[in-house]
Amino acid sequence: MNKLSTVIIGSIAVAPFVLADQQLTPPSTVAVEHNLVPLMQALVDAKQLDITVKGSADVPYSITNNKLAMGISSRKWKDREVAKFVQVHGYKPTELFFTADVIAIVANKSNQTQSISVAELKRVFGCHSQPDVVRWTDGNGRSTIPMVPFAIDNQLVMHKEFSSWVTCKDDAYSATHFVADKPTFLNEISSEEGALGYTVYSDELKDTNILKVTNRFGESYDVNKETILSGRYPLASVYYMYLNLPPNREYFNEQEEFFIGLTLSEDQKPVLNRYGFISLPPEAIQRNRIRLRLDEPMIEGGYK
């Protein structure tokens with residue numbers, strides 16, 4: 001039997017790494033990008049674990065050179081970063097899906113437009129020194145009514161890329177109408193014919209008119225967990241967990257069990273959603289289980 005086959009993490013049956021004596025387990029430090037610190041602190045505090053959450057501008061460097069046990073970043077490590085880790089530690093880091101932050105673009109239900117480009121979004125919601133009225137177009141490409149932009153105030157604190165597009169300096173301003181909360185936002189979208197809004201993606205939006213987003217290559221993608229985790233949806237950042245797990249060690253310590261457990265279930269969905277992130281779909285959880293050698297990879301036709 002594989003050495004990772006019977007430990008229970010939360011309610012998920014995973015591998016039988018022997019849990020280290022809790023009194024002998026040293027405190028752990030997790031390095032995360034600065035915008036993730038509030039989320040990770042909330043997850044750690046909820047379990048009252050002896051884990052320090054450290055903001056880092058360079059997560060691969062922090063894990064490799066400071067020899068931290070784990071880290072989370074909004075991109076995959078580059079080949080040279082993995083090579084450096086191998087040079088220092090003698091084995092590769094374990095990479096798992098962790099979460100994603102996603103911006104959805106919502107229009108009034110009467111609007112027949114199906115997609116909007118990233119360039120148009122930057123123009124509508126971006127910062128200008130002079131007023132810039134952007135209009136909807138009909139099926140024949142003719143300009144119609146003005147777009148009326150809406151957003152929720154202070155919602156993008158942890159969504160750094162989109163936030164950089166819509167945060168104005170002193171000599172510029174945005175035409176966006178900011179509201180206090182999501183119910184008010186959805187009410188404005190439904191009552192204003194020309195409305196266009198951006199908001200953090202969540203299940204609350206399932207009955208709204210969410211537009212596809214077109215990237216700079218002219219490819220349009222709707223927002224769903226498959227396009228998000230594959231990196232195709234333009235307004236999403238996927239976060240990856242990297243673990244320093246020696247391949248010959250026969251146990252997980254308490255902190256490792258906690259972080260691995262986060263990648264194998266949807267138990268923390270309420271906390272993730274509260275901070276504007278999504279939980280992992282079953283396909284991503286399965287991929288994580290294979291990376292941890294909890295399940296065998298399968299290919300079409302039933303072969304491994």
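The name an unreviewed UniProt entry gives the protein is PstS family phosphate ABC transporter substrate-binding protein, with Vibrio barjaei as the organism.

Lay out the nonpolar core with the relevant residues and their values.
The biggest cluster of nonpolar side chains holds 47 residues, and the ones touching the most others in it are Val 102, Ile 105, Leu 196, Tyr 198 and Leu 235. The leading source of residues in this core is strand S6 (residues 94-107), at seven residues. What Ile 105 contacts, discounting residues up to four positions off in sequence, is Ile 116, Leu 121, Leu 196, Gly 197, Tyr 198, Asn 209, Ile 210, Leu 211, Val 213, Tyr 233 and Leu 235. Core analysis: the next-biggest nonpolar cluster, separate from the first, contains 30 residues, Val 30, Ile 51, Ile 260 and Val 271 among them.

Give me the lowdown on the pattern of salt bridges, citing residues and values where you can.
Within this structure, the stated rule accounts for eight salt bridges. The closest approach of N and O atoms between Arg 291 and Glu 95, which form a salt bridge, is 3.4 Å. Of this pair, Arg 291 sits in helix H10 (residues 282-291) while Glu 95 sits in strand S6, placing them 196 residues apart in sequence. For Glu 95, a relative accessible area of 12% puts it in the buried group. Between Glu 204 and Lys 182 there is a salt bridge, with the nearest N and O atoms lying 4.0 Å from each other. Of the two residues, Glu 204 is situated in the loop between strand S12 (195-200) and strand S13 (209-210) and Lys 182 in helix H6 (residues 182-191); the sequence distance between them amounts to 22 residues. Three or more residues joined by partner-sharing salt bridges are found here, namely Glu 95, Arg 287 and Arg 291.

Explain the packing of aromatic side chains to me, using residue names and the numbers behind them.
What the rule picks out here adds up to nine aromatic pairs. Plain terms: the ring middles of Phe 125 and Tyr 198 are 4.8 Å apart, the flat faces sit at 85 degrees to each other, and that makes the pair edge-to-face. On the criterion of sequence distance, the pair formed by Phe 125 in helix H4 (residues 118-125) and Tyr 198 in strand S12 is long-range, its members being 73 residues apart. Each member of the pair, Phe 125 together with Tyr 198, is buried. Ring centres of Phe 162 and Trp 165 lie 5.2 Å apart, and the angle between their planes is 45 degrees; this geometry places the pair in the tilted category. Highlighted residues: Phe 162 and Trp 165, both in helix H5 (residues 160-166), separated by three residues, approximately one helical turn.

Summarise the packing of helix H1 (residues 37-47) against helix H8 (residues 254-262); cite the residues concerned and give the values.
Remark: H1 packs on H8, axes separated minimally by 12 Å, with the N-to-C direction vectors making an angle of 120 degrees. Here H1 lies oblique to H8, going by the angle between them. The handedness of the crossing between H1 and H8 is right-handed. Residue-level inspection shows Met 40, Leu 43, Val 44 and Lys 47 of H1 in contact with H8, the latter providing Phe 258, Phe 259 and Leu 262. Classifying every residue of the contact of H1 with H8 gives six nonpolar, no polar and one charged.

Thresholds, definitions, all that
- Residues numbered from 1 in each chain as written.
- Predicted model: local features only at pLDDT ≥ 70, side-chain atom pairs only at ≥ 80, totals over all residues.
- Heavy atoms only, no water.
- Core = buried A, V, L, I, M, F, W, Y, C linked by side-chain atoms within 4.5 Å.
- Buried < 20%, exposed > 50% of the residue type's maximum accessible area, 1.4 Å probe, protein only.
- Helix = DSSP H or I, 4+ residues; strand = E, 2+ residues; numbered from the N terminus.
- Contact = heavy atoms within 4.5 Å.
- Salt bridge = Lys/Arg side-chain N within 4 Å of Asp/Glu carboxyl O.
- Phe/Tyr/Trp six-rings, centres within 6.5 Å; stacked < 30°, edge-to-face > 60°.
- Axes fitted to C-alpha atoms, helices over the stretch in contact; angles between N-to-C directions.
- Parallel < 35°, antiparallel > 145°, perpendicular 65-115°, else oblique.
- Left-handed = near helix turned anticlockwise from the far one by under 90°.
- Nonpolar A, V, L, I, M, F, W, Y, C, P; charged D, E, K, R; others polar.

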